[in-house]
Every structure is written in structure tokens, then in C-alpha cells.
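# Survey of secondary and tertiary structure
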Amino acid sequence: MAKAIKFSTLSSQDKALVITITGLAVIVRLYKIWQPTSVVFDEVHFGGFATKYIKGKYFMDVHPPLAKLLITLAGYLAGFNGNFDFKDIGLEYAEANVPYVAMRLLPATLGVLVIPLTFFTLKAYGCSSLNASLGSMLILFDNALTTQSRFILLDSPLVFFTALTSYAWVNFRNQVPFDGAWYYYLLLTGLSLGATVSVKWVGLFTIAWVGIGTLSDLWRLLGDLSVTPLTYAKHFFVRVVCLIVVPVTFYLLMYVIHFICLVNPGDGDGFMSSEFQATLNNKQMADTPADVALGSHVTIRHLNTQGGYLHSHDHLYPGGSKQQQITLYPHKDDNNIWLIDNITSDNPIDFRAVSEPVFLRNGDLIRLEHISTNRRLHSHDVRPPVTEADWQNEVSAYGYKGFNGDANDHFRIEIVESKSKPGKSCEYVRAIETKFRLIHTITGCALFSHKIKLPSWGYEQQEVTCARQGTLPNSIWYIEYNEHPLLNETAEKVNYPRLGFFGKFFELQRVMWDTNAGLVASHTWDSRPESWPYLRRGINFWIKDHRQVYLLGNIFVWWLSSATLVVYALFKVLTILRWQRGYPDYDHYSVRLFDANVGYNVVAWALHYFPFYLMKRQLFLHHYLPALYFAILGLCTAWDIACKKLIRNKYLVSVSTLVIFLASLYIFYLLSPLIYAEKWTKSSCENARLMKHWDFDCNTFHSDINMYDVNSTVAASEATAAVKDEL
């Protein structure tokens, strides 16, 4: 068993190496980190989430909260008060006095720490100090990893915790079972797994990698007759605690903090159920009378889409019938209130003034009158304004005060027993507990809504139609607020069941999963997994003032690491074929070492890469970065074995390693203006386009580098003139 690899156990020479490499990492990753001085790419989202955390406004994101909480903490400690919304790429930070540099320093610092972690991990694999340094340098001088670590984004924390997991896990496997270091590194592995999956669900792939290693270890121990059943049970139990209980507990703890921070309503409310929303400040609802009667004033909510309340306002459709709009509106509002009336047009009865309430039952025919405008819910054989399908009809508000209306105002209540609370709620309409459909009596269509937004003339509220073939979930409604003069304080009251932590947690996980799976629309800069290993294209992060930030990897590093994967695959096929023919290749230590160390990282790469082929959602180049990290570890472990077992000549090893490093450094330098948003010329940009399909925009840059100084002078003069005008 090898000793644990950490700074204190390194030789003096290795300590000096680590300090030097880490110092270089600080320079490379933090160089001009204030540049650009405006919002870059997904800082729109993750900076915006920091604003919402500080304001306590609930939001919904497809990623777990750890990295966002860390970024928020960095901004908060630097004095950020949440008064900047990050809403547009290119929006200037300086004008709002945003401590964006401090917020960028969080992912940048984690990006720096990946460099010494790589050195320690490769040393734990048994690599020489030279090749451990090479691995650190390949990570450091990868353009994509450097670019991603300089902005308020999640992938740098993700790569850091992935690297920390790899470091801890490799060290754990090198220790003597049940000694202090063995427990320490197993626990650190569990905490790192919890942190990784708490940044992005990509961490599940890291968990799968460690899980495969764990099952392999347990299977090996099961066949070791020197291991007693009691000892085996101890191995099993400790792994369950550290590798399952600890990560799950860590993950849950992040959501405890998340829910504590987000206590106010925000723009994420609409994704969540009414029960969930009722846990937020100002969203809590007073108890409402359970039984719904003719004459009740009610609000009606859509069950499936969380789009909100059945709503109308004094604005007309621009086409179709040109009658008053009906929408779903996610917030409480007086325009959500409707009066339930019966369908009698002759001698209408004021059911709010009768002696006994007439309670609604399954199958009753009703009309719904909009309280604010005195128009009734109405449908007819006219196509909806957005979804112009033959099986859908327009829904509008029609009529005026004193007008008795017509049969197109009539709807039948159809209680959906499978969705309603068992018992009385399946026979009578009860607030919250009864789920029902509203069937238009003339056309047979059901009141329906789906996640289609109306244009600006409909205030981007959700479309409501009447569908003859609509799916059941999208045509189910329920009453939330219920008021009737005869239902006084003594009437039975109901309210939403109070959601506890686990109720909120599991609902949010489901919403995150569904929302993530729904991100299928094409994006200008998306790419598919098959293009990542050979670096077909990157991502345009930012263009402004004749400068550009463009995420693109170091093609030398990416191609060399991809070549290692191919070499290992060929090695594995060849050794299997030779084994079948009886050749004793695995009797050689170097073959077993290559298969173990390189193969372990290739498996990690595969688990972090191939699952993306199953995803139909938008994908981007940065999704490859965790897989790239393992590919580089595989490259360096393979190169180390080649140096020790094949090349052997110390001088040739040093020169070859130096050539690899210098080649990666040259590519890094060649494309560095795209990392740091530096001055560049069109000709230099075109010369750096090593692949013709790389689509960064060289026309962004000036033809002459001196033009940047001219523009700066003009801008300074204009600013001075503006100040004089103000004076």
C-alpha cells in the first residue's frame, strides 16, 4: 500500500514544484479577471440567481444549488445587495457597482485548486513528478478549462469537486483498510461526491464511477478467503455510510439551505404546485369554505401546467372573434374571480341572496361570470388565437351586464374522481379537494390549457382553449378561493396540505427533471457529443467593443487525450484476443498497471461522456469538461508507463515531455485573446483558426491593433465632454 499523497508527505522538490505550478495557475486563471467588465454568457443566469438568493425570491433552475450558493456568498461578502439583475449579455457591471470580480474569483479560485489536485492525483497513481507536473500543466493550459473558470458559471466548481473526488478515491484505494487515512479518504470521497452532484446532476456519473469501483472491490474481497464474514460486513457497512449516506445527506443539506434562503414569491413560482407556493411568504392562503355553491365567488386553477388561475381582463383578441381574452395568470389578482351561476336565462335567481345555499354537484350545468367585466366564459367554433388546430376552439369572455347570454356560455361539471379526494369530494364540488373538467355543452369540448404563451398582445400569459381531444391532465381544474354570504365562519373550511421539507424536495426534483428534459429547442451554439472529443466547435460567450470571448479547448490537448482513449481501446481488444489464444500478457506487471490506471480513467471518461448521447436536450461543449479531465488523467498515466517501460532513456523522456508541454503552451497562447477578451487583429485571428469549421468571428476585431488605442482615446474624449456638459 502507498502512503497518502498530500502536500505534507511530498519531497522538498515536489513541494517546490507544487508551489510553482499553483503560483503559475493563479497568474493564468486570474489574469485580468475583471475583463470583460460586462455580463458574459450564462452569467445572465447564475449571476441572476445570486440576486434572487439575496432578495429571497424563489426561482427554479435545472441545477442543484451548491455552486450558486457559493457564488452568492462570495458576492454577499463583497457587498453585493442584489440590486442588479444580470438580464442581458453585455450589460455593464461598473455602472451598478456590482462586485463581479469577487463573484468571478470563486470559480476562478476553484479552477486554480484543480491544478495541484491533478498533481496529487497523478502522484497517487504512481506517476513521476515530471509527468504529474505535465498533467497539471495540460489542465492549466487548456483554453476551455481556463475560460470556463473565469466567469460566474457552474462548470469550474463542477470540475473542482470531480477532481477532488478522483483525488480522494485514488488515495483511499492506496491505504491499508481500517486505518485512519483509509477512513479519512473514504469520508472525503463521500463528501466530494455529495458536493459534485450538488453542483450539477452530472455528478451522478461520478457517483457511478465510484460505485463501479466499490462493487469491484467488494467482489474481490468476497473471493478473498482471508477476509472473515465480520470483516467483510465492516467493509460493506463503512462504504454504505460514507459513499451513500454521506453524499445523500450532503445533497439534502444543500436544499435545506436553498429553501431557507428562498422564502418570498418569485418568477419560479409558476413551475411549482399550489401546495408548494403556499409555503412562500404572501402566498399562504387563508382557510376557505369547503363546499362550493351557486352564487359563490371563486378562483379556478389549472392543475397540470402550474400556469395559474383562469383569468380575463378588459382586452380583446386581435383576431378570431375579437372578444375579450381568456388566459391563465400565475399571480393572485381581482381579474381571477368568477361568479358561479346556473344556466336559467328566464327569471334569473340571485343565488347569493337565497335562504339556503345550492351546492354544486357532479354533472351540474353552470355559467361563469367574470366579476370585474360582467362577461361570461364563452366558447364557439372559432380557432384559438395561437393554436390554430381543428380540434381546439377559442375561449373568450362575452356579454355585458344585464345580458342573459346564450347556450355557448354553458358548461357541465365533470368531476375526475381519480384526482379528487375520496369521499364527498367525488360527488360535490369542494374547494381544493375536487378536481373537475368543464365540458362545453354545445361542442363537447373541455376547457383546456397548455404551456403555450400568447404574444405581447396577451401579455405573454398562458393560452386557454376548448379542446375536443385534449389530454386529460391539461383539462383538469379545481377551485382554490371560495366565498359565499351563506358560508360563514361556522362553515367547514379547507386549505392546502402543508408541505414539509421532503414534500418540497421531491417536487422540486421532479420539476427540475421535467424542465431539464424539456430544453430541446435548438440553440445557436449547441453541439452534439460526437463532436466534442475532436473539438469541432466552441461557444461564443461575449462580443463587444471589437473583442470576443469564445470557449474553445486546446486542440493539441484534446486530440492527444482522445488518441489515448483510442490506444487504450485497441490495447484492450488486442489483449483480450491474445488472452483467448493463451498468451500470458497479464503476467506482466506493466500490462496490469496500464490496464488498471489508464483503464480506470477511461471508464470514468466513458461514464461522463456516453450518457449525453441519450439526452435530447440542448448540449454544449462545456458539458465535456468533466470527461476531458479524466481523459487527461488517462493520457498522463499512459505516458508515465510509456516513459518508464518503453522509452526509459531519461534524457529522451525529459525532451519528449517538454515537447508535449510546449505544444500545448503554444496553442494556448495562440488562442488566448479569446480567453481574456484581449486586443486582436483580423489577420491574427484568421491565422489562429486551425480548424476551418471553428466559428469564432474574426470580423469582430480591428484590422490594425493601433485602432484600439484610437477608439480608447475617442471614448475618453467623449466621456470628458459629457462630464463638462453636465457641469
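Our subject is the structure listed above.
Reference entry: report on the structure contained in this document. Computed from a predicted structure; not experimentally measured.

### A few points about the overall build of the protein chain
Along the protein chain, the regular secondary structure elements total 19 helices and 16 strands. Dimensions along the principal axes, computed over C-alpha positions, put the protein chain at roughly 105 × 85 × 50 Å. Taking contacts inside the protein chain between residues at least 6 apart in sequence as the whole, the part at least 24 apart equals 74%. Counting every atom, the protein chain has about 31900 Å² of accessible surface; 61% of that belongs to carbon and sulfur.

### Section: the nonpolar core
Residues Phe86, Phe541, Trp558 and Phe696 are the most contacted members of the largest nonpolar core, which totals 159 residues. For this core, the leading source of residues is helix α15 (residues 625-647), giving 14 residues. In this structure, Leu310, Trp338, Ala431 and Cys445 belong to the second largest nonpolar core, which totals 37 residues.

### Description of the packing of helix α4 (residues 100-124) against helix α7 (residues 155-173)
Two numbers describe how α4 lies on α7: the axes approach to 9 Å, and their chain directions differ by 25°. Relative to α7, the element α4 lies roughly parallel. Here α4 runs over α7; the crossing is left-handed. Contacts between α4 and α7 involve Pro107, Leu110, Gly111, Leu113, Val114, Leu117, Phe120, Thr121 and Ala124 from the former and Ser156, Pro157, Val159, Phe160, Ala163, Leu164, Ser166, Tyr167, Val170 and Asn171 from the latter.

### Focus on empty space enclosed by the protein
To find the voids left in a structure, one rolls a probe of water-molecule size over its atoms. Enumeration according to the criterion identifies four cavities of 30 Å³ or more in this entry. What the largest cavity holds in volume is close to 70 Å³. If you trace the largest cavity, you find 13 residues lining it, with Arg29, Gly111, Leu145, Ser156 and Val159 closest to the centre. For the lining of the largest cavity, the secondary-structure elements that each account for two or more residues are α4, α6 (143-148) and α7.

### Concerning the state of the cysteines
Summed over the entire model, instances satisfying the criterion amount to two disulfides. Two residues share a disulfide in this structure: cysteine 445 and cysteine 466, whose sulfurs sit 2.0 Å from each other. Judged by the sign of its S-S torsion, about 95°, the bond between cysteine 445 and cysteine 466 is right-handed. Residue cysteine 445 is located in the loop between β10 (436-440) and β11 (446-453), and its partner cysteine 466 is located in strand β12 (residues 462-467); the two are separated by 21 residues in the primary sequence. Pair check on accessibility: cysteine 445 and cysteine 466 agree, each one buried. Residue cysteine 685 pairs covalently with cysteine 698 via a disulfide, S to S 2.0 Å. The chirality of the disulfide connecting cysteine 685 with cysteine 698 is left-handed, given an S-S dihedral of about -75°. Note that cysteine 685 is positioned in helix α18 (residues 682-687) and cysteine 698 in the loop between α18 and α19 (707-726), a separation of 13 residues in sequence. Note on accessibility: cysteine 685 and cysteine 698 belong to one class, buried. In this structure cysteine 643 is a free cysteine whose sulfur lies 9.4 Å from that of cysteine 127, the closest cysteine sulfur available. A relative accessible area of 6% means that cysteine 643 is categorised as buried.

### Considerations on α15
Think of an α-helix as turning once every 3.6 residues; residues three or four places apart then point the same way. With 23 residues, α15 extends 30 Å from end C-alpha to end C-alpha; this agrees with the ideal 33 Å at 1.5 Å per step. Burial analysis of α15 places 19 of its 23 residues in the buried class, the great majority of the element. At the C-terminal side of α15, arginine 648 shows a positive phi close to 70°.

### So, the environment of cysteine 636
Along the chain, cysteine 636 turns up in helix α15. On the basis of relative accessible area, cysteine 636 is assigned to the buried category, the value being 1%. Taking the C-alpha atoms as reference, cysteine 636 lies 6.4 Å from asparagine 131; in sequence the two are 505 residues apart. Dropping the residues within four chain positions of it, cysteine 636 is found in contact with Leu122, Cys127, Asn131, Leu134, Gly135 and Leu138.

### Focus: unusual backbone geometry
The step from glutamine 35 to proline 36 runs through a cis peptide bond, and the omega angle for that step is 0°. Relative to the assigned elements, proline 36 resides in the loop between α1 (12-30) and α2 (43-55). A positive phi angle, close to 70°, is found at arginine 648, a residue other than glycine. Mapping arginine 648 onto the fold places it in the loop between α15 and α16 (650-671).

### Some details on the pattern of salt bridges
Per the stated rule, a full pass over the model turns up 29 salt bridges. Close ionic contact of aspartate 291 with arginine 430 constitutes a salt bridge, the shortest N to O distance being 3.2 Å. On the criterion of sequence distance, the pair formed by aspartate 291 in the loop between β1 (288-289) and β2 (297-302) and arginine 430 in the loop between β9 (411-415) and β10 is long-range, its members being 139 residues apart. Here aspartate 291 matches arginine 430 in class, with each residue buried. For the salt bridge of glutamate 433 with lysine 421, the shortest nitrogen-to-oxygen distance reads 3.6 Å. One end of the pair, glutamate 433, is in the loop between β9 and β10; the other, lysine 421, is in the loop between β9 and β10, with twelve residues separating them in the sequence. Beyond isolated ion pairs, a larger network of salt bridges with shared partners links Asp291, Lys421, Lys424, Arg430, Glu433 and Glu492.

### Regarding the pairing of β2
Here β2 lies mainly inside the structure; six of its six residues are buried. Of the strand pairs in this sheet, β2 and strand β5 (residues 337-342) are connected by three bridges, and their pairing is antiparallel. In the strand pairing of β5, threonine 299 is matched with isoleucine 337. As defined by bridge partners, β2 adjoins strand β13 (residues 477-483) across five bridges and the pair is classed as antiparallel. Bridge pairing links isoleucine 300 to isoleucine 479 in β13.

### Some thoughts on a nonpolar patch on the surface
On the surface, Leu253, Val256, Ile257 and Ile260 cluster together into a nonpolar patch covering about 330 Å² of accessible area. Among the structural elements, isoleucine 257 can be located in helix α10 (residues 229-261). Owing to a relative accessible area of 33%, isoleucine 257 belongs among the partly exposed residues under this scheme.

### Here we look at the side chain of threonine 162
Examined against the element boundaries, threonine 162 turns out to sit in helix α7. Residue classification places threonine 162 among the buried residues on the basis of a relative accessible area of 1%.

### Topic: α10
Compared with an ideal rise of 1.5 Å per residue, which puts 33 residues at 48 Å, α10 spans 47 Å between its outermost C-alpha atoms and is within 8% of the ideal. Its axis deflected by about 30° at valine 245, α10 carries its strongest bend there, up to four residues before the proline proline 247.

### Quick look at the packing of α4 against α15
With their axes 11 Å apart at the nearest point, α4 and α15 run at an angle of 40° to one another. Relative to α15, the element α4 is oriented oblique. As for how α4 packs across α15, the hand of that crossing is right-handed. Here α4 contributes Val114, Leu117, Thr118, Thr121 and Leu122 to the contact with α15, which in turn contributes Tyr629, Leu633, Cys636 and Thr637. For the contact of α4 with α15, the residue count by class is six nonpolar, three polar and no charged.

### Section: the side chain of asparagine 516
Turning to its location among the elements, asparagine 516 is positioned in helix α12 (residues 501-517). Of the residues examined, asparagine 516 reaches a relative accessible area of 18% and is grouped as buried. Those residues within four positions of asparagine 516 in sequence are excluded, and the remaining contacts are Val62 and Arg617.

Reading the values: rules and limits
- Residues numbered from 1 in each chain as written.
- Predicted model: local features only at pLDDT ≥ 70, side-chain atom pairs only at ≥ 80, totals over all residues.
- Heavy atoms only, no water.
- Helix = DSSP H or I, 4+ residues; strand = E, 2+ residues; numbered from the N terminus.
- Contact = heavy atoms within 4.5 Å.
- Areas by Shrake-Rupley, 256 points an atom, 1.4 Å probe, with all protein chains shown as cover.
- Core = buried A, V, L, I, M, F, W, Y, C linked by side-chain atoms within 4.5 Å.
- Buried < 20%, exposed > 50% of the residue type's maximum accessible area, 1.4 Å probe, protein only.
- Axes fitted to C-alpha atoms, helices over the stretch in contact; angles between N-to-C directions.
- Parallel < 35°, antiparallel > 145°, perpendicular 65-115°, else oblique.
- Left-handed = near helix turned anticlockwise from the far one by under 90°.
- 1 Å grid on protein atoms, 1.4 Å probe; cavity = no way out; pocket = protein on both sides within 12 Å on 5 of 7 lines; lining within 4 Å.
- Points joined across faces, edges and corners; volume = space filled by probe spheres on them.
- Disulfide = S-S within 2.5 Å.
- Expected span 1.5 Å × (residues − 1).
- Salt bridge = Lys/Arg side-chain N within 4 Å of Asp/Glu carboxyl O.
- Pairing = 2+ DSSP bridges.
- Patch = residues over 30% accessible without salt bridge, like charges linked within 9 Å, V, L, I, M, F, W, Y side chains within 5 Å.
- Bend = angle between axes of the 7 residues up to and from the residue.
- Nonpolar A, V, L, I, M, F, W, Y, C, P; charged D, E, K, R; others polar.

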